[in-house]
Amino acid sequence: MATRFTRRRFFGGAAAGGIGLAIGGNARASARALPAPESIDTTDLAMLGAVQAASLLQSGKLDPRELLDACFARSRAMDGPVNAWIRIYPEVAYAAADAAASRLSAAGRTREGGSVPLVCGVPIGLKDLYAVSGLPVTASSRVLQGNIAAGDSGVWKRLRDAGMVLMGHTHTHEFAFGVSTPQVGNPWDLSKSAGGSSGGSAAALAASFTPLATGTDTGGSLRIPASACGISSIKPTLGRCSVAGVIPLAWTRDHTGPMARSVSDAAFLLSYMAGVDVEDPTTSAGPAVPRDGYSISAVGGSAPLSGRRLGLPVNAVGELPSALAALFEEALNQARRLGAEIVEVALPPVPQSLLLGDKVEVGSYHQQFADRIGLYEADTALLVGADILALASPVSDYLGIERDRLRFQRAYNRMFSDSALDAIVLPGAVVDGVSRNEMAGFSVFDAPVANVVWANYAGVPVVSMPVGRSRETGLPFGIQIGGLAWQENTVIDIALELEESAPHWRKAPQMLSAPRAVPEVAISIPGAGPEATNTRSDPPSFYALPTISTRE
């Protein structure tokens, strides 16, 4: 029997008042406060957003086991045709939930000096690239079948120490190469792509299997699935979140980032993902993460975006299908109604030379599996073969490519300074849905489904958020809000105001009961290592940090 869910009743009066708790135990501004527990309806625990769940957990009105029970039950009952999870870890998860309950108890709070991280006890799914010691990490590929992580990824260390509850790993397009994740069904239409390569995480969120998930973004892999599944994501500045212990695609473009149903929840998770990791030198390069984390609610009012200038890159929007063009224009009009000024700008062209650099980086990782080429999916094998051949490129060519990246980053920054921009706005997709196998053979380096690569080469933060559903297909559509390096707070604050005024994320897809025996795995002896992924995944001592320079 089909059931229709709406998240509106579960959001309640989130901005009506916090519970006086904060990251680290300090008082926070209202925009960083959790919703009051009495404002939250707990009719269906699996439908709770992350900040709502955190409020109930912190106030003692919800036990971590209860929340985990609801998430596992919904996953097992409905993941059949969605196939979001590649594996789940009930034994690990319930042990973490019990540990979180202990920390959240009165005695536990006393042991921890009175405060417990706000994400303590909240369930999460990790994309099947993130290493967790003693658990499989396989990049959804037969090439790594049976591979057991030797250690923890930098991001998971932070989330584990904060008390989060790992439910399982979500499917990725094989080794994060593609834009479709064909083994995963979009909960809004199971015949359609959930996007890629973080399609499993996006589908698990859209289907309300978990309140939070992680993804990666090398060429739109956080943003494309977010638009396709009607959820939110944040691609942070390169270096804001660690990529250590995460199976790489191209190290100068790889980003880790949060995914959630709402911008609020994604920003909530980012506050705990972000920070310095000694295993990833890029995380020490930028300014510190805000002491109280990122905003999780809008300021509101009649014109909260007054004084904000949003750039519309007219040369980068592309030809949108009419239904998507209407949604995009309405999102721009909504920003105008909130006080923002929309100004036309030109996004600098991405140098074509950079693609060769990408191929060299991919080849440098995958050459270790050259003797297993027959285990890749056919389309991936062709890409891997070409990338390994690219290793024959002269070193001087590669160094020239990196100079081109720097020139592009400076041109991007000049676009902001010349027009006094706070952010730019682009569509999250240029196609109105694609079938699950339609994008076979396309990689994240040449994705025809969205204009996304500019942000990876610039290394800048981008929030993706839903702005409605197509009148033609009924599928979600989102926008990208991009900023300058290290200015996550700016793009998050803009997105939160748009979300508050038009909360499209609260609508959820119809789901049928479709049980699935999701593979369950217990923790085992860690792999030999020494690298956390149990593969040769450390990059060379070469990094492409984003610049804030505007020099010609």
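Residues numbered from 1 in each chain as written. Predicted model: local features only at pLDDT ≥ 70, side-chain atom pairs only at ≥ 80, totals over all residues. Heavy atoms only, no water.

Some words on the overall build of the protein chain
Rule in force here: Helix and strand assignments follow DSSP, with helices taken as H or I runs no shorter than four residues and strands as E runs no shorter than two, numbered in order from the N terminus. It is over C-alpha atoms that the radius of gyration is taken, and the globule rule equals 2.2 Å times the number of residues to the power 0.38. Throughout this description, buried means an accessible area under 20% of the type-specific maximum (1.4 Å probe, protein chains only), exposed means over 50%, and partly exposed covers the range between. Residues are treated as being in contact if the distance between any of their heavy atoms lies within 4.5 Å. A 1.4 Å probe and the Shrake-Rupley method give the accessible areas. Residues count as covered only by the protein chains that appear here. In summary, the charge assignment counts Lys and Arg as positive and Asp and Glu as negative, without counting His or the chain termini. For charged residues, the charge sits on one atom: NZ in Lys, CZ in Arg, CG in Asp, CD in Glu.
Each helix and strand in the protein chain was counted, giving 15 helices and 13 strands. By the compact-globule yardstick of 24 Å for 552 residues, the protein chain fits well, its C-alpha radius of gyration being 22 Å. Buried positions account for 62% of the 552 residues belonging to the protein chain. Residue pairs in contact within the protein chain that sit at least 24 positions apart in sequence constitute 78% of those at least 6 positions apart. Surface accessibility of the protein chain: about 19,100 Å² in total, with carbon and sulfur atoms responsible for 54%. Taking the average location of the 45 positive side-chain charges in the protein chain and that of its 51 negative ones, the two points are 3 Å from each other.

Structural notes on the side chain of Asp 128
You can see Asp 128 is positioned in the loop between β2 (123-127) and α6 (154-161). When residues no more than four places from it in sequence are discounted, the contact partners of Asp 128 are Ile 86, Arg 87, Pro 136, Val 137, Thr 138, Ala 139, Ser 140, His 169, Thr 170 and Thr 172.

Focus on the confidence of the model for the protein chain
Definition in use: A residue's pLDDT is the confidence the predictor assigns to it, expressed on a 0 to 100 scale.
Averaged over all residues, the pLDDT of the protein chain is 93; the fraction at 70 or higher stands at 94%. When the elements of the protein chain are averaged for pLDDT, helix α1 (residues 8-11) gives the smallest value, 34, and β2 the largest, 99. Every residue in residues 1-28 is under pLDDT 50, and counting partners more than four places away or in other chains gives 74 contacts.

Quick notes on empty space enclosed by the protein
To keep things clear, this is the line we draw: Buried and open spaces are told apart on a 1 Å grid over the protein atoms alone, a cavity being a set of points where a 1.4 Å probe fits but cannot get out and a pocket being an open set with protein on both sides within 12 Å along at least five of seven lines. Residues with an atom within 4 Å of a point are the lining residues. Grid points are joined across faces, edges and corners, and a volume is the space filled by probe spheres set on the points. Each residue receives one of three labels: charged for Asp, Glu, Lys and Arg, nonpolar for Ala, Val, Leu, Ile, Met, Phe, Trp, Tyr, Cys and Pro, and polar for the others, Gly being one of them.
Throughout the structure, instances matching the rule amount to 4 cavities of 30 Å³ or more. Taken as a whole, the largest cavity spans an internal volume of roughly 210 Å³. Together, 21 residues line the largest cavity, and Ala 228, Ala 429, Val 431, Gly 433 and Val 434 are the ones closest to its centre. Contributing elements (two or more residues each) for the lining of the largest cavity: β5 (189-193), α8 (223-229) and β13 (476-482). Looking at the lining of the largest cavity, the element that brings in the most residues is α8, giving 3 residues. Considering only residue class, the lining of the largest cavity consists of 13 nonpolar, 6 polar and 2 charged.

Quick word on the packing of helix α11 (residues 354-366) against helix α13 (residues 395-419)
Put simply, the rule reads: What counts as an axis is a line fitted to C-alpha atoms, over the stretch in contact for a helix, and the angles between N-to-C directions run from 0 to 180 degrees. We call two directions roughly parallel when the angle between them is under 35 degrees, roughly antiparallel when it is over 145, roughly perpendicular when it lies between 65 and 115, and oblique otherwise. The handedness criterion is simple: a crossing whose near helix is rotated anticlockwise from the far helix by less than a right angle is left-handed, and one whose near helix is rotated clockwise is right-handed.
Orientation of α11 relative to α13, taken along the N-to-C sense of each, is 125 degrees, at an axis distance of 9 Å. Relative to α13, the element α11 lies oblique. As for how α11 packs across α13, the hand of that crossing is left-handed. On α13, the residues that touch Leu 354, Leu 356, Gly 357, Val 360 and Glu 361 of α11 are Tyr 398, Ile 401, Glu 402, Asp 404 and Arg 405. The residue makeup of the contact of α11 with α13, split by class, is 5 nonpolar, 1 polar and 4 charged.

Let's talk about the environment of Pro 526
As for its position among the elements, Pro 526 is in the segment after α15 (488-501). Note on Pro 526: relative accessible area 38%, which makes it partly exposed. In contact with Pro 526, not counting residues within four places along its chain, are Ser 133, Gly 134, Ile 148, Ala 149 and Ala 150.

Focus on the pattern of salt bridges
Where charged atoms from two side chains of opposite charge approach closely, those side chains can pair. As a reminder of what qualifies: By convention in these notes, a salt bridge is any Lys or Arg side-chain nitrogen within 4 Å of a carboxyl oxygen on Asp or Glu.
According to the stated counting rule, one finds 21 salt bridges in the structure shown. In this structure, Asp 161 engages Arg 160 in a salt bridge whose closest nitrogen and oxygen atoms are separated by 3.0 Å. A salt bridge links Asp 292 to Arg 291; the nearest nitrogen and oxygen atoms lie 3.8 Å apart. What emerges from the salt-bridge pattern is a single network uniting Asp 152, Arg 160 and Asp 161.

Let's talk about unusual backbone geometry
Leaving glycine out, the prevailing phi sign among residues is negative, and the prevailing peptide bond configuration is trans. Here the residue pair Gly 196 and Ser 197 is connected by a cis peptide bond, since its omega of 10 degrees sits within 30 degrees of zero. Mapped onto the elements, Ser 197 comes out in the loop between β5 and α7 (199-206). Positive phi outside glycine occurs at Ala 176, with the angle close to 65 degrees. Here Ala 176 is to be found in the loop between β3 (165-170) and β4 (185-186). With a phi angle near 60 degrees, Ser 208 is a residue other than glycine that sits in the positive phi range.

As for the packing of aromatic side chains
Defined as follows: Only rings of Phe, Tyr and Trp enter the pairing, Trp through its six-membered ring, and a pair is recorded when the two centres are within 6.5 Å. The plane angle decides the type: under 30 degrees is stacked, over 60 is edge-to-face, the rest tilted.
For the coordinates displayed, the defined rule picks out 8 aromatic pairs. Where Phe 268 meets Tyr 272, the ring centres are 6.0 Å apart and the plane angle is 80 degrees; that geometry is what we call edge-to-face. Highlighted residues: Phe 268 and Tyr 272, both in helix α9 (residues 263-273), separated by 4 residues, approximately one helical turn. As far as burial versus exposure is concerned, Phe 268 and Tyr 272 are alike and both buried. Geometrically, the ring pair formed by Tyr 365 and Phe 369 is edge-to-face, given 5.5 Å between the ring centres and 80 degrees between the ring planes. Take Tyr 365: its relative accessible area is 4%, and that puts it in the buried class.

So, α9
Burial analysis of α9 places 11 of its 11 residues in the buried class, the great majority of the element. Turning to α9, its buried residues are Val 263, Ser 264, Asp 265, Ala 266, Ala 267, Phe 268, Leu 269, Leu 270, Ser 271, Tyr 272 and Met 273.

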